[in-house]
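Chain by chain, the residues run as shown.
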Amino acid sequence: MVSFHPDAKFLTDFAAGNLALSEAICVAAHLEFCSKCRSHVQQLSDLGAQLMSRLEVEPMPVDEQDAGDDGFDALMQRIDAGDTGMSISPAPAPAATARVSSANPLGLPRVVQKLASEGVQSLKWGQFGKSLRIAPIRIDSESRETALYDIKAGGQMPEHEHRGEEITVLLKGSFSDAEGKYVKGDFVVRHAGERHQPTATLDTDCICLVSLEQPVKPSSVWYRLLEPLVQYRLSGLSN
Ligand SMILES: [Zn+2]
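Thresholds applied
Residues numbered from 1 in each chain as written. Predicted model: local features only at pLDDT ≥ 70, side-chain atom pairs only at ≥ 80, totals over all residues. Heavy atoms only, no water. Helix = DSSP H or I, 4+ residues; strand = E, 2+ residues; numbered from the N terminus. Buried < 20%, exposed > 50% of the residue type's maximum accessible area, 1.4 Å probe, protein only. Contact = heavy atoms within 4.5 Å. Areas by Shrake-Rupley, 256 points an atom, 1.4 Å probe, with all protein chains shown as cover. pLDDT = per-residue confidence, 0-100. Pairing = 2+ DSSP bridges. Core = buried A, V, L, I, M, F, W, Y, C linked by side-chain atoms within 4.5 Å. Donors = N, O, S within 2.8 Å, 3.2 Å for Na, K, Ca; no water. Axes fitted to C-alpha atoms, helices over the stretch in contact; angles between N-to-C directions. Salt bridge = Lys/Arg side-chain N within 4 Å of Asp/Glu carboxyl O. Disulfide = S-S within 2.5 Å. Phe/Tyr/Trp six-rings, centres within 6.5 Å; stacked < 30°, edge-to-face > 60°. Lys NZ or Arg CZ within 6 Å of the ring centre and 35° of its normal.

Moving on, we come to the overall build of the protein chain. In terms of helices and strands, the protein chain carries seven helices and 12 strands. Each of the 239 residues in the protein chain was classed as buried or not, and the buried ones make up 47%. Within the protein chain, counting contacts between residues at least 6 apart in sequence, those at least 24 apart form 68% of the total. With an accessible surface of roughly 12000 Å², the protein chain has 52% of that area assigned to carbon and sulfur atoms.

Listed below in structure tokens is the structure:
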């Protein structure tokens, strides 16, 4: 059962279209697993619509109204457009939950399938040590880094400290760290200065969608050995 959710600010900013695309994708992925947050976003959207109607603003052009019918479609358009600055419409997130099908063997959220339209396996996966693979996703020019992480069953990520906010959405499997255990759908936020060392559970691989505000600071020898690779991966981004 999902027990870690985006806070009220994330949901409000999502409904208002104020999140960076990388963060919005993480919230959208969570919403596909979480009916509670979907209904919160719906309420916020309804409230926003009421406020707008009280302000008696000019009616939106028809094509924008269409986009407003489904926040998910608007997000997809934003991804297609490479984030042209169009806001995510104040509309409910998709009601459909991620389903396992032949076209989507891992049952990943639609927003993630969209990012990897040729299939998740077609992404450029880099191997880091025995148990960690990372596939960077370039989605826009913002300074956040977006990536899929695949931690082998029982595998441990290097301990690391964050220089900025990190959002992790669990898409498959589960992992734990000193703070607790996280399962599919959980939306976990870590802040600058926090250190942790996630470990995938023994029975299954763990796949996460990760949005990083800043590159992490390595805090173990093991990770320092990997740093040239990691820095290469991050080149052209925030540093
Ligand atoms: Zn939720």
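Below, the discussion takes up the confidence of the model for the protein chain. Mean pLDDT over the protein chain: 75, with 67% of residues reaching 70 or higher. Contacts for the low-pLDDT stretch residues 65-69, under 50 throughout, to residues beyond four places or in other chains number seven contacts. Low pLDDT (under 50) marks residues 84-96, which in the prediction has 43 contacts with non-local residues, meaning those over four places away or in another chain.

Across the sheet, which stays open at both edges, the three strands sit in the order β7-β6-β10 with antiparallel pairing between neighbours. Here the strands that pair on one side only, and so sit at the sheet edges, are β7 (180-182) and β10 (199-200). Taken together, the two bridges between strand β6 (residues 175-177) and β10 define a ladder with antiparallel strand orientation. Note that in β10 the partner of Ser 176 across the bridge is Thr 199.

On to the nonpolar core, then. If you look at the biggest cluster of nonpolar residues, it comprises 37 residues, and the most contacted ones within it are Ile 25, Leu 75, Val 111, Leu 148, Leu 171 and Leu 209. Of all the secondary-structure elements, those providing two or more residues to this core are α1 (8-16), α2 (21-31), α3 (35-55), α5 (71-80), α6 (110-115), β2 (132-137), β5 (166-172) and β11 (206-212). Sort the elements by how many residues they give to this core and α2 lands first, with eight residues. Leave out the neighbours within four places in its chain, and Leu 171 touches Ala 29, Phe 33, Leu 108, Pro 109, Val 112, Leu 148, Lys 184, Ile 207, Cys 208 and Leu 209. Ile 134, Ile 151, Met 157 and Val 210 belong to the second largest nonpolar core, which has 16 residues in total.

This paragraph deals with the coordination of the zinc ion. Around the zinc ion, the protein supplies His 5 (ND1), His 30 (NE2), Cys 34 (SG) and Cys 37 (SG) as donor atoms, at distances of 2.0 to 2.3 Å. Positions of the donor residues of the zinc ion, expressed as sequence spacing, correspond to H-x24-H-x3-C-x2-C. Placement of His 5 in the segment before α1 and of His 30 in helix α2 is noted, with a sequence separation of 25 residues between them.

Let us look at the sheet that holds strand β8 (residues 187-190). Think of a sheet as strands paired side by side through backbone hydrogen bonds, with each pair either parallel or antiparallel. Reading across the sheet, the six strands line up as β1-β2-β3-β11-β5-β8 and stay open at both edges, with antiparallel pairing between neighbours. Bordering the open sheet on either side are β1 (126-128) and β8, each of which pairs with just one other strand. Neighbouring strand axes in the sheet, compared pairwise and without regard to direction, differ in orientation by 25 degrees on average. Pairing geometry for β5 and β11, over six bridges, is antiparallel. Bridging from a neighbouring strand, Lys 172 pairs with Ile 207 of β11.

What follows deals with the pattern of salt bridges. Opposite charge on two side chains lets them pair, provided their charged atoms get close. Under the definition given, this model contains six salt bridges. Of the charged contacts, one joins Lys 9 and Asp 13 as a salt bridge, the two residues approaching to 2.8 Å between their closest N and O atoms. Placement of both Lys 9 and Asp 13 in helix α1 is noted, with a separation of four residues, approximately one turn of the helix. With its nearest N and O atoms 2.9 Å apart, the salt bridge here joins Arg 144 to Glu 165. Placement of Arg 144 in the loop between β2 and β3 (145-151) and of Glu 165 in the loop between β4 (160-161) and β5 is noted, with a sequence separation of 21 residues between them.

On to the pairing of β3. Of all seven residues in β3, seven are buried; the element is thus mostly enclosed. Side-chain alternation along β3 places Glu 145, Ala 147, Tyr 149 and Ile 151 on one buried face and Thr 146, Leu 148 and Asp 150 on a second face that is also buried. Examined bridge by bridge, β2 and β3 share six bridges and lie antiparallel to one another. Paired with Ile 137 across the strands is Thr 146, a residue of β3.

Let us look at the state of the cysteines. Applying the stated rule across the entire model yields zero disulfides. The thiol sulfur of Cys 206 is not disulfide-bonded, and the nearest other cysteine sulfur, from Cys 208, lies at 3.6 Å.

Evaluation of the coordinates by the stated rule reveals three aromatic pairs. Seen from their ring centres, Phe 175 and Tyr 182 are 5.0 Å apart, and the 45 degrees between their planes marks the pair as tilted. When its relative accessible area of 4% is taken as the criterion, Phe 175 is described as buried. Overall, Tyr 182 belongs to the buried group, its relative accessible area being 2%. Here the aromatic cluster, defined as three or more aromatic residues joined through ring pairs, consists of Phe 4, Phe 175 and Tyr 182. The ring of Trp 125 has Arg 133 lying over it, and the distance from NZ or CZ to the ring centre is 4.3 Å.

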